[in-house]
Amino acid sequence: AQKITQTQPGMFVQEKEAVTLDCTYDTSDQSYGLFWYKQPSSGEMIFLIYQGSYDEQNATEGRYSLNFQKARKSANLVISASQLGDSAMYFCEPKGSYIPTFGRGTSLIVHP
Amino acid sequence: DTEVTQTPKHLVMGMTNKKSLKCEQHMGHRAMYWYKQKAKKPPELMFVYSYEKLSINESVPSRFSPECPNSSLLNLHLHALQPEDSALYLCASSQETSGPYNEQFFGPGTRLTVL
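The structure displayed is predicted, hence computed values, not measured ones.

Draft legend 1. How the structure looks around the overall build of chain A. Each helix and strand counted, chain A has 0 helices and 11 strands in total. Ordering the α and β elements of chain A from the N terminus gives β-β-β-β-β-β-β-β-β-β-β. Rg of the C-alpha trace for chain A: 13 Å, near the compact-globule value of 13 Å for 112 residues, within the 12% margin. Structurally, chain A occupies a C-alpha span of about 40 × 25 × 20 Å along its principal axes. Among the 112 residues that make up chain A, the fraction classed as buried is 47%. Long-range contacts, defined as pairs at least 24 residues apart, comprise 52% of the intrachain contacts of chain A with a sequence gap of at least 6. Carbon together with sulfur atoms contributes 49% to the accessible area of chain A, which is approximately 5,400 Å² in total. Side chains of chain A give 9 positive and 11 negative charges; the mean places of these two sets differ by 5 Å.

Draft legend 2. Fine view of the pattern of salt bridges. Residue and element names in this part refer to chain A. Following the criterion strictly, the structure yields 5 salt bridges over all chains and no others. In this structure, the salt-bridge partner of Asp86 is Arg63, at a minimum N-O distance of 2.8 Å. One end of the pair, Asp86, is in the loop between strand 9 (74-79) and strand 10 (88-95); the other, Arg63, is in the loop between strand 7 (60-61) and strand 8 (64-69), and 23 residues separate them in sequence. Judged by relative accessible area, Asp86 falls into the buried class, the value being 2%. A residue is classified by how much of its surface remains accessible, and Arg63, at 22% relative accessible area, is partly exposed.

Draft legend 3. Here's a closer look at the nonpolar core. Formed by 24 residues in total, the largest nonpolar core has its most connected members in A:Trp36, A:Ile49, A:Leu77, A:Tyr90 and A:Leu108. When residues of this core are traced back to their parent elements, those giving at least two are strand 2 (10-14), strand 3 (19-21), strand 5 (33-39), strand 6 (46-52), strand 8, strand 9, strand 10 and strand 11 (106-111) of chain A. If you look at the next biggest cluster of nonpolar residues, it comprises 23 residues, including B:Val4, B:Met27, B:Leu74 and B:Tyr89.

Draft legend 4. Seen up close, the packing of aromatic side chains. Under the defined criterion, the tally for this structure stands at 13 aromatic pairs over all chains. Each ring, one from A:Tyr37 and one from B:Phe106, has its centre 5.6 Å from the other, and the planes form 80°; the classification is edge-to-face. Of the two residues, A:Tyr37 sits in strand 5 while B:Phe106 sits in strand 10 (residues 105-106), which places them in two different chains. For A:Tyr37, a relative accessible area of 0% translates into the label buried. The lysine or arginine in question, A:Lys70, covers the ring of A:Tyr54, its NZ or CZ lying 4.2 Å from the ring centre.

Draft legend 5. Quick look at unusual backbone geometry. Look at the link from B:Thr7 to B:Pro8: it is a cis peptide, with omega at -10°. Note that B:Pro8 resides in the loop between strand 1 (4-7) and strand 2 (10-13). Despite not being glycine, A:Ala81 shows a phi value in the positive range, around 50°. Looking at where A:Ala81 falls in the secondary structure, it is placed in the loop between strand 9 and strand 10. If you check the backbone angles, B:Ser59 has positive phi at about 55° while not being a glycine. Inspection of the secondary structure assignment puts B:Ser59 in the loop between strand 6 (53-57) and strand 7 (64-70). Judged by relative accessible area, B:Ser59 falls into the exposed class, the value being 74%.

Draft legend 6. Representation of the sheet that holds strand 6 of chain A within the structure. All names here are of chain A. Reading across from one edge, 2-11-10-5-6 is the order of the 5 strands in this open sheet, with mixed pairing throughout. Of all the strands in the sheet, the pair left with one neighbour each is strand 2 and strand 6. Within this sheet the neighbouring strands show an average axis-to-axis angle of 25°, counted without direction. The pairing of strand 5 with strand 6 spans 6 bridges and is classified as antiparallel.

Draft legend 7. Seen up close, the side chain of A:Gln51. All names here are of chain A. With respect to the helices, strands and loops of the structure, Gln51 is situated in strand 6. Engagement of the side chain of Gln51 in a polar contact is seen with the backbone oxygen of Gln57, the distance being 3.0 Å. A distance of 2.8 Å separates a polar atom in the side chain of Gln51 from the backbone nitrogen of Ala59. When sequence neighbours within four positions are dropped, the list of residues in contact with Gln51 reads Tyr32, Gly33, Leu34, Gln57, Asn58, Ala59, Leu66 and Phe68.

Analysis parameters
- Residues numbered from 1 in each chain as written.
- Chains lettered and ligands numbered in written order.
- Predicted model: local features only at pLDDT ≥ 70, side-chain atom pairs only at ≥ 80, totals over all residues.
- Heavy atoms only, no water.
- Helix = DSSP H or I, 4+ residues; strand = E, 2+ residues; numbered from the N terminus.
- Rg over C-alpha atoms; globule rule 2.2 N^0.38 Å.
- Buried < 20%, exposed > 50% of the residue type's maximum accessible area, 1.4 Å probe, protein only.
- Contact = heavy atoms within 4.5 Å.
- Areas by Shrake-Rupley, 256 points an atom, 1.4 Å probe, with all protein chains shown as cover.
- Lys, Arg positive; Asp, Glu negative; His and termini not counted.
- Charge placed at Lys NZ, Arg CZ, Asp CG, Glu CD.
- Salt bridge = Lys/Arg side-chain N within 4 Å of Asp/Glu carboxyl O.
- Core = buried A, V, L, I, M, F, W, Y, C linked by side-chain atoms within 4.5 Å.
- Phe/Tyr/Trp six-rings, centres within 6.5 Å; stacked < 30°, edge-to-face > 60°.
- Lys NZ or Arg CZ within 6 Å of the ring centre and 35° of its normal.
- Pairing = 2+ DSSP bridges.
- Axes fitted to C-alpha atoms, helices over the stretch in contact; angles between N-to-C directions.
- Polar contact = N/O pair within 3.5 Å; in protein donor to acceptor, adjacent residues only side chain to side chain.

Rendered as structure tokens:
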């Protein structure tokens, strides 16, 4: 099984500021994808952003971007201009040949 | 339609009851998943169906019985559950299971309480 590490159990950020959520992983796959999901208190997991391991450019999707460092096996999520509605759990999922497995998650709280 | 629906939203059952959770998607996805999620933990994979066939069973106890009647529907039959089975049960779908490029679309989940 692959190992996924999200080192920040909880993060706090001021509204309108940027925040970075960390994710490192250990995979022997040459080709894999990195997914980030958001889970509000309602429970539904919401897909945010995807990065392919062979993509040369860091992925961006609106206020979300990925800081992908392949050699370090790191795929950090950057949320710019935080909003109150960003308060949620965030999970990363490196996906290759293994079964779907999520990191332990980071709880983000956005303060007004 | 990019939605995965799950019913019921909440379920309370006794240890001797039989109940079923239902999941539906109309995105033409060929892979469907059941996850169990305890509070403050990540979702844990239970079952994967690929092209209506069970492809992964993560050593789930037999009191959980999945069923995929057709490509759009996924059921989870529950029987003789234990209080520790109380959790959020999430259904998801994706275009395929293989390959690293398929994001999962999740339903809102069923919050199950076993008394």
